[in-house]
Amino acid sequence: MTETNRLPLRSDVETQNTWDLSPLFADESAFQAAFKSAVEAIPVLADWRGQITKSAKNLLDYLVEKDRQALNIDALYSYAFQMSDQDTGNTRAQAMKDQALGLYTRFFSAISWESPEILTLTPEVLKNYYIEETGLENYRHFLEDTLRQKPHTLSAPEEEILSLSADMSYGPQTIFNIFNNADLHFPSIDDGSGNLVEITHGRFITLMESSNRQVRKDAFMGLYHTYESFKNTLAATYSANVKKELFFTKTRKYASTMEAHLDNHNIPTTVYTSLIDTVHEYLPAMYRYVELRKKLLNLDELHMYDVYTPIVHYDSPYIPFGKAKDMVLDGLVPLGQDYLDKLKEGFDNRWIDVYENQGKRSGAYSTCVYGTHPYVLLNYQGNLDNVFTLAHEMGHSLHSCYTNENQTYVNSNYNIFVAEIASTCNEYLLISHLLETSESKEEKAYLLNHLMDQFKGTLFRQTMFAEFEKITHEKEAAGEPLTCDVLCSIYKELNQLYFGENMVIDDEIAMEWARIPHFYSPFYVYQYATGISAAIAFGTKILAKEPGALENYKKFLSSGCSVDCMDLLKDCGVDMTTGEPVKAALKVFESAIDKLIEIF
Ligand SMILES: [Zn+2]
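Residues numbered from 1 in each chain as written. Predicted model: local features only at pLDDT ≥ 70, side-chain atom pairs only at ≥ 80, totals over all residues. Heavy atoms only, no water.

**Thoughts on unusual backbone geometry**
Basically, it comes down to this: Going along the chain from the N terminus, every DSSP run of H or I of four or more residues is numbered as a helix, and every run of E of two or more is numbered as a strand.
Positive phi is not limited to glycine here, since R350 has a value of about 55°. In this structure, R350 sits in the loop between α17 (337-348) and β4 (352-353). Positive phi values are uncommon outside glycine, yet F523 reaches one of about 55°. Mapped onto the elements, F523 comes out in the loop between β7 (503-504) and α22 (526-543).

What follows is the structure in structure tokens.
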């Protein structure tokens, strides 16, 4: 056995493979200078208290000043978080993050009276305001969305108290993230060729994709036994977050935490429950998939650590990052030259932080501050999955580009319900292209497997997560304590339901809930499932060259949050209130199973 394969220090990573944060701030002293002026500017906002409904001009002047300040804080927040994410062990970045979070708290506290005051405006008065000050037209959707939430907005002093609790309410999430990313260490295992490899968040899935079953099993056991040794702490952290959510649900007079979250974007809870129902309806397709997997892997028993390994033996070589970029460019040709140009601009100008280093945040994301280019954090390992992640995150980034070019700041923040559509559509276009151009039966089979894994991971798995959230939040609301045993048994039962009888549900999987960072943003993950459905609807139309499909898609990308997302999608040809896109996507899954069975 050789020495553990250690990750490089952040300072040793080549500059060209890191993101360039200088468009946000030249350096930390520029950050501190901007922070100082942001702090000094905030009291001006409080001076508008009691003034904004007195005239159209007051309302407009206030909103413009508020947006100016909010944009400055966005940049401070993003810079601090990105600095911290690239190296969570950097204590200065940690302090900057605290500064930025504190700034948001002060900002929201200074404007806590805003919604109650806007709510005193009647539709008639507002109608005249739009005529008096045409600049207010820009704020029409924002103002009308605020009025929509009237039944859930409290009095000014009550709102002030709630806004003061914001910092404190991040507690469970902050504790989980620091624990999970900085303090938690997993054992080293034999990588199958005699090398000791430390299990990390970034490496876990790669290890689980290994064709060597012992490696998969060791990684699986190593990771979950580590989580299990902290099970009570992690259950308490999870439960604290659910309690926090229930507090806000009750104070804002919502019937459930689910309703509270979905109402933010005016999404009916039936979209959530019908997603779960529709997926339940198609679980037999999942059971067929499990059976096929067991057969192709030639196993007597299919275990939870056999879920990620490709069922087709096709040795995909290491994909250098340069090649990954070319693959993404080729796959996204159907989106048109303007799309490809923007993509290339990002590839060539250090929008992306590519490789893993010590202390770097796990996973991948895209982030964007209005007025600057987007950023992508990756933990690139050179496998095909990572190429899809690149396509995915650049989908988010380009969605931001299109929106920012076409919308003002207040209408630029596209909401999370539509956020996963652009990213998933990219993945679907990429895999369709690769399936079409692949030359060998093996490669084709491998890609079909990958496509099915997409469905398994994005539609079935995220719906299972969504169901876990629904159950646990309902239990808390009913006064049932969320102990570790309760969480584990709910989680295990859901795995039994979703994978069916052909899968051995190992006890260790019951701890998986403990490692999902998204659970700290409740009722978020279902949007991956609705997102893939809408994405496949768009992608299918674009690939079929349906008249107007590409224009509709660009319109969707360019609209930001200038209209309600349900209306926008419907207007662009994808109606999510019908449940049909979910069914259509599940049918693509079924046909991928058929095609793979055909090959063998
Ligand atoms: Zn995403």
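**Remarks on the coordination of the zinc ion**
Threshold: Coordination partners: N, O, S within 2.8 Å of the metal, 3.2 Å for Na, K and Ca; water not considered, so apparent gaps in a site are possible. Relative accessibility thresholds used throughout: buried, under 20% of the residue-type maximum; exposed, over 50%; partly exposed, between the two (1.4 Å probe, protein chains only).
Protein-derived coordination of the zinc ion comes from H392 (NE2), H396 (NE2), E420 (OE) and E420 (OE), at a distance range of 2.1 to 2.6 Å. Each donor residue of the zinc ion belongs to the same chain, with the gaps between them written as H-x3-H-x23-E. Taken together, the residues H396 in helix α18 (residues 384-406) and E420 in helix α19 (residues 416-437) connect sequence positions 24 residues apart. For the residue pair H396 and E420, the accessibility class agrees, reading buried in each case.

**As for the nonpolar core**
Selection rule: We define the nonpolar core as a collection of buried residues of types Ala, Val, Leu, Ile, Met, Phe, Trp, Tyr and Cys that are connected through side-chain atoms lying within 4.5 Å of one another. The contact criterion used is simple: two residues touch if any of their non-hydrogen atoms lie within 4.5 Å.
Grouped together as the largest cluster of nonpolar side chains are 147 residues, with contacts concentrated most on I352, F417, L459, W513 and F556. Examining the composition of this core, we find that 13 residues originate from one element, helix α20 (residues 441-477), more than from any other. With residues up to four places along the chain from it excluded, the contact list for L459 reads L275, V279, Q454, A529, I532, S533, V582, A585 and L586.

**Considerations on the sheet that holds β4**
Whenever strands of a sheet pair, they do so through backbone hydrogen bonds, lying parallel or antiparallel. Selection rule: At least two DSSP bridges between two strands are required for those strands to pair. To get an axis, a line is fitted to the C-alpha atoms, and for a helix only the part in contact is used. The angle between two axes follows their N-to-C directions and goes from 0 to 180 degrees.
The three strands lie next to each other as β4-β6-β5, forming an open sheet whose pairing is mixed. Whereas interior strands pair on both sides, the edge strands pair on one side only; in this sheet they are β4 and β5 (365-367). Taken together, the two bridges between β4 and strand β6 (residues 375-377) define a ladder with parallel strand orientation. Looking across to β6, one finds that I352 is bridged to V376. Helix α2 (residues 56-86) rests against β5 and β6 of the sheet, and its axis sits at about 155° to β5.

**Some details on the packing of helix α12 (residues 231-251) against α20**
Rules: Working rule for angles: under 35 degrees goes down as roughly parallel, over 145 as roughly antiparallel, 65 to 115 as roughly perpendicular, anything else as oblique. Each residue gets one of three labels, nonpolar for Ala, Val, Leu, Ile, Met, Phe, Trp, Tyr, Cys and Pro, charged for Asp, Glu, Lys and Arg, and polar for the others, Gly among them.
Contact pair α12 / α20: the axes reach a minimum separation of 10 Å and the direction vectors enclose 70°. The angle between α12 and α20 places the two elements in the roughly perpendicular class. In this structure, α12 uses Y238, S239, V242, K243, E245 and L246 to contact α20, whose residues at the interface are F468, E469, T472, H473, E476 and A477. Its residues placed into classes, the contact of α12 with α20 shows five nonpolar, three polar and four charged.

**Notes on the packing of aromatic side chains**
The description of two aromatic rings rests on the distance between their centres and on the angle between their planes. This is how it is decided: Each Phe, Tyr or Trp ring (for Trp, its six-membered ring) is paired with any other whose centre lies within 6.5 Å, and the angle between the two planes then decides the class: stacked below 30 degrees, edge-to-face above 60, tilted in between. A ring has a charge above it when a Lys NZ or an Arg CZ is no more than 6 Å from the ring centre and no more than 35 degrees off the ring normal.
Under the definition given, this model contains 40 aromatic pairs. Ring geometry for F460 against F589: centres 5.1 Å apart, planes inclined by 55°, an arrangement best described as tilted. In this pair, F460 is assigned in helix α20 and F589 in helix α25 (residues 580-599), connecting sequence segments 129 residues apart. The same class applies to F460 as to F589, namely buried. Here a set of aromatic residues connected by ring pairs shows up, and it is made of F176, Y238, F465, F468, Y491, W513, F519 and Y520. If you follow K97 out to its NZ or CZ, it ends over the ring of F81, 4.6 Å from the centre. Looking at K342, its charged tip hangs above the ring of Y402, at a distance of 4.7 Å from the centre.

**Points about the state of the cysteines**
Going by this rule: Counting rule for disulfides: a pair of cysteine sulfur atoms within 2.5 Å.
What the rule picks out here adds up to zero disulfides. There is no disulfide at C565, and the cysteine sulfur nearest it, in C561, is 9.9 Å away. No disulfide involves C572; its nearest neighbouring cysteine sulfur is the one of C565, lying 12 Å away.

**Re the pattern of salt bridges**
So the rule is basically this: One speaks of a salt bridge when a side-chain nitrogen belonging to Lys or Arg is within 4 Å of a carboxyl oxygen belonging to Asp or Glu.
The tally for this structure, following the rule as stated, stands at 32 salt bridges. Between E137 and R140 there is a salt bridge; the shortest N-O distance is 2.6 Å. With relative accessibility at 40%, the residue E137 sits in the partly exposed group. A salt bridge links D453 to K456, with the nearest nitrogen and oxygen atoms 3.4 Å apart. In this pair, D453 and K456 are both assigned in helix α20, three residues apart and thus about one turn of the helix distant.

**Examining the environment of I490**
Note on placement: I490 falls in helix α21 (residues 484-499). You can call I490 buried: its relative accessible area is 8%. In sequence terms I490 and W513 are 23 residues apart; their C-alpha atoms lie 9.8 Å from each other. Residues within four places of I490 in sequence aside, it is in contact with F468, I471, T472 and K475.

**Things to note about helix α11 (residues 213-228)**
This is how the line gets drawn: By definition here, a helix of n residues has an expected span of 1.5 Å times n minus one. Distance and chemistry together define a polar contact, namely a pair of N or O atoms within 3.5 Å, with one atom able to donate a hydrogen and the other to accept it when in protein, and with adjacent residues in sequence counting only for side-chain atoms on both sides.
Between its first and last C-alpha atoms α11 spans 22 Å; for 16 residues at 1.5 Å apiece the expected length is 22 Å, and the two agree. Buried residues belonging to α11 abut α9 (171-183), β1 (188-190), α10 (201-208) and α12. Among the residues of α11, the N-terminal cap falls to N212, whose side-chain oxygen and the backbone nitrogen of Q214 are separated by 3.0 Å.

**Some points on the side chain of K554**
Its place among the elements puts K554 in helix α23 (residues 549-558). Polar side-chain contacts of K554 include one of 3.2 Å to the side chain of D338. Residues in contact with K554, not counting those within four places in the same chain, are L335, D338, Y339 and Y402.

**So, the environment of L21**
Looking at where L21 falls in the secondary structure, it is placed in the segment before α1 (28-46). Separated by 330 residues in sequence, L21 and W351 have C-alpha atoms that sit 8.5 Å apart. The contacts of L21, once residues within four sequence positions are left out, are Y79, Q82, M83, Q86 and Y375.

**Some thoughts on the environment of A41**
Tracing the chain through its elements places A41 in helix α1. We classify A41 as buried; its relative accessible area is 15%. Sequence separation of A41 and L435 is 394 residues, and the distance between their C-alpha atoms is 55 Å. Dropping the residues within four chain positions of it, A41 is found in contact with R68 and Q69.

**Points about α12**
The terminal C-alpha atoms of α12 lie 30 Å apart, and with 21 residues this matches the ideal 30 Å at 1.5 Å per residue to within 8%. Along α12, the residues that are buried comprise L234, A235, T237, Y238, S239, N241, V242, K244, E245, L246 and T249. Contacts from the buried residues of α12 go to α8 (166-169), α9, α11, α13 (257-263), α20 and α21. Following α12 by one or two positions, K253 has its phi on the positive side, about 60°.

**Topic: the packing of α18 against α23**
Contact pair α18 / α23: the axes reach a minimum separation of 7 Å and the direction vectors enclose 75°. Classified by the interaxial angle, the pair formed by α18 and α23 is roughly perpendicular. In this structure, α18 contributes H399, Y402, T403 and N406 to the contact, and α23 contributes K554, F556, L557 and S558. Residues of the contact of α18 with α23, tallied by class, amount to three nonpolar, four polar and one charged.

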